[in-house]
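Letter by letter, the chains look like this.
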Amino acid sequence: MHTRLNQAQPYALGLFRIVVGLLFACHGAASLFGVLGGAMGGGSIPAGTWPGWYAAVIQLVGGSLVALGLGTRIAALISSGSMAYAYFKVHQPEALFPLQNGGEPSAVFCWVFLLLVFTGPGALALDRLFSRGGAESDGQDRAREQVPAVTV
């Protein structure tokens, strides 16, 4: 059973990345364009408003890039940082715990994107098309090349 689960791991990670990226992009689209219920209470955030509008742009662009698997690690790092900022500057001053301050989505997205920074995009990512002809396996081949072999 472990062998089958290990074989499916890149595909599960790829599906996870796609779903999380789409969910994050939907938050940005709602805030920027007023779709899907709009920003808090409907409508959209006025262009250039700090920090909401910038956060929405990061959500839309970062979520789309993560969903496509294009520049996944960089997009995930920026998205994770924006959610950490959202949690500590917007939610945490209201109360200590995410359940109390309404910051659960920010906290979860922050940690999910940080995980993707370290795991890479998994299967079904456009990153694979642009990295050495798609032969790379989740960045592990590149990591092996960079670690010098030790001989005794």
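Within any chain, residue numbers begin from 1 and follow the written order of that chain's sequence. With pLDDT at 70 or above as the cut-off, local features in this predicted model cover only qualifying residues; side-chain atom pairs require 80 or more to be listed or tallied, and sums for whole chains, interfaces and linings still use all residues. To obtain the side-chain values, all non-hydrogen atoms of the structure were used and water was disregarded.

Colleague: How should I be thinking about the packing of aromatic side chains in this particular structure?
Modeller: To describe a pair of aromatic rings, you give the distance between the ring centres and the angle between the ring planes. Here the aromatic set is Phe, Tyr and Trp, taking the six-membered ring for Trp, and pairing holds for ring centres within 6.5 Å; pairs whose planes are under 30 degrees apart are stacked, those over 60 apart are edge-to-face, and all others are tilted. Enumeration over the complete set of coordinates arrives at seven aromatic pairs. Ring centres of phenylalanine 24 and phenylalanine 109 lie 4.9 Å apart, and the angle between their planes is 55 degrees; on these two criteria the pair is classed as tilted. Of the two residues, phenylalanine 24 is situated in helix H1 (residues 2-33) and phenylalanine 109 in helix H5 (residues 104-119); the sequence distance between them amounts to 85 residues. Where phenylalanine 109 meets phenylalanine 113, the ring centres are 5.9 Å apart and the plane angle is 15 degrees; that geometry is what we call stacked. Here the residue phenylalanine 109 and the residue phenylalanine 113 both occupy positions in helix H5, the gap between them amounting to four residues, near one helical turn. The same class applies to phenylalanine 109 as to phenylalanine 113, namely buried. Chaining the aromatic ring pairs together yields one cluster made of Trp50, Trp53, Tyr54 and Tyr85. In this text, helices come from DSSP runs of H or I with a minimum length of four residues, and strands from runs of E with a minimum of two, each type numbered from the N-terminal end. Exposure is judged per residue with a 1.4 Å probe applied to protein chains only, and the accessible area is read against the type maximum: over 50% gives exposed, under 20% gives buried, and values in between give partly exposed.

Colleague: Quick question: what am I supposed to make of helix H2 (residues 52-68) here?
Modeller: Residues separated by three or four positions in an α-helix point in the same direction, a consequence of the helix having 3.6 residues per turn. Between its first and last C-alpha atoms H2 spans 24 Å; for 17 residues at 1.5 Å apiece the expected length is 24 Å, and the two agree. Note on contacts: a residue pair qualifies if any of its non-hydrogen atoms lie within 4.5 Å across the two residues. For H2, the elements touching its buried residues are H1, helix H3 (72-91) and H5. The first or second residue beyond H2 is glycine 69, which carries a positive phi of 75 degrees. The span you would expect from a helix comes to 1.5 Å times its residue count less one.

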